[in-house]
Amino acid sequence: VQLQASGGGLVQAGGSLRLSCAASGRTFSNYAVGWFRQAPGEEREFVAGISRSVGVTYYADSVKGRFTISRDNAKNTVYLQMNTLQPEDTAVYYCAADGARRIYIPTTPAYFDYWGQGTLVTVSS
């Protein structure tokens, strides 16, 4: 499956952005999808994930209550709505797909088989 992330940009603290992850190539509903981010000099970290088909979600504590992940399988797209953005949210955001039939949402990058190219989110103070 091929993934294309988009929607990043420059926003002031307290603002909002919505990222999109568009998939092509295979039945997208068969894949769990995760959003990760990587700031300069930092490791890639899990942000949010959504399960196959039924859409169970899971969030990192740092974004819980501010970010919402959702999916529209008819459009082969997963979204990340980011509200109340803070400067520490500045990073390149990546979406990734996991094709294994797990009963949980993985949070480790190594579990994800396919990655989008990343989209930069910059939050100014």
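Residues numbered from 1 in each chain as written. Predicted model: local features only at pLDDT ≥ 70, side-chain atom pairs only at ≥ 80, totals over all residues. Heavy atoms only, no water.

A closer look at the state of the cysteines
Per the counting criterion, the structure on display carries 1 disulfide. Paired through a disulfide, Cys21 and Cys95 show a sulfur-sulfur distance of 2.2 Å. The sign of the 75 degrees torsion about the S-S bond sets the Cys21-Cys95 disulfide as right-handed. Residue Cys21 is located in strand 3 (residues 17–24), and its partner Cys95 is located in strand 9 (residues 91–98); the two are separated by 74 residues in the primary sequence. Neither residue differs from the other here; Cys21 and Cys95 are each classed as buried. (Disulfide = S-S within 2.5 Å. Helix = DSSP H or I, 4+ residues; strand = E, 2+ residues; numbered from the N terminus. Buried < 20%, exposed > 50% of the residue type's maximum accessible area, 1.4 Å probe, protein only.)

Quick word on the packing of aromatic side chains
As enumerated under the stated definition, the model contains 7 aromatic pairs in all. With a centroid separation of 6.4 Å and an interplanar angle of 75 degrees, the aromatic rings of Tyr94 and Trp115 are classed as edge-to-face. With Tyr94 in strand 9 and Trp115 in strand 10 (residues 114–115), the pair connects residues that are 21 residues apart, well separated along the chain. Classification of Trp115 by relative accessible area gives partly exposed; the value is 28%. Its guanidinium or amino end placed over the ring of Trp115, Arg44 lies 4.9 Å from that ring's centre, counting from NZ or CZ. The aromatic ring of Phe28 is capped on one face by Arg71, whose charged end is 4.9 Å from the ring centroid. (Phe/Tyr/Trp six-rings, centres within 6.5 Å; stacked < 30°, edge-to-face > 60°. Lys NZ or Arg CZ within 6 Å of the ring centre and 35° of its normal.)

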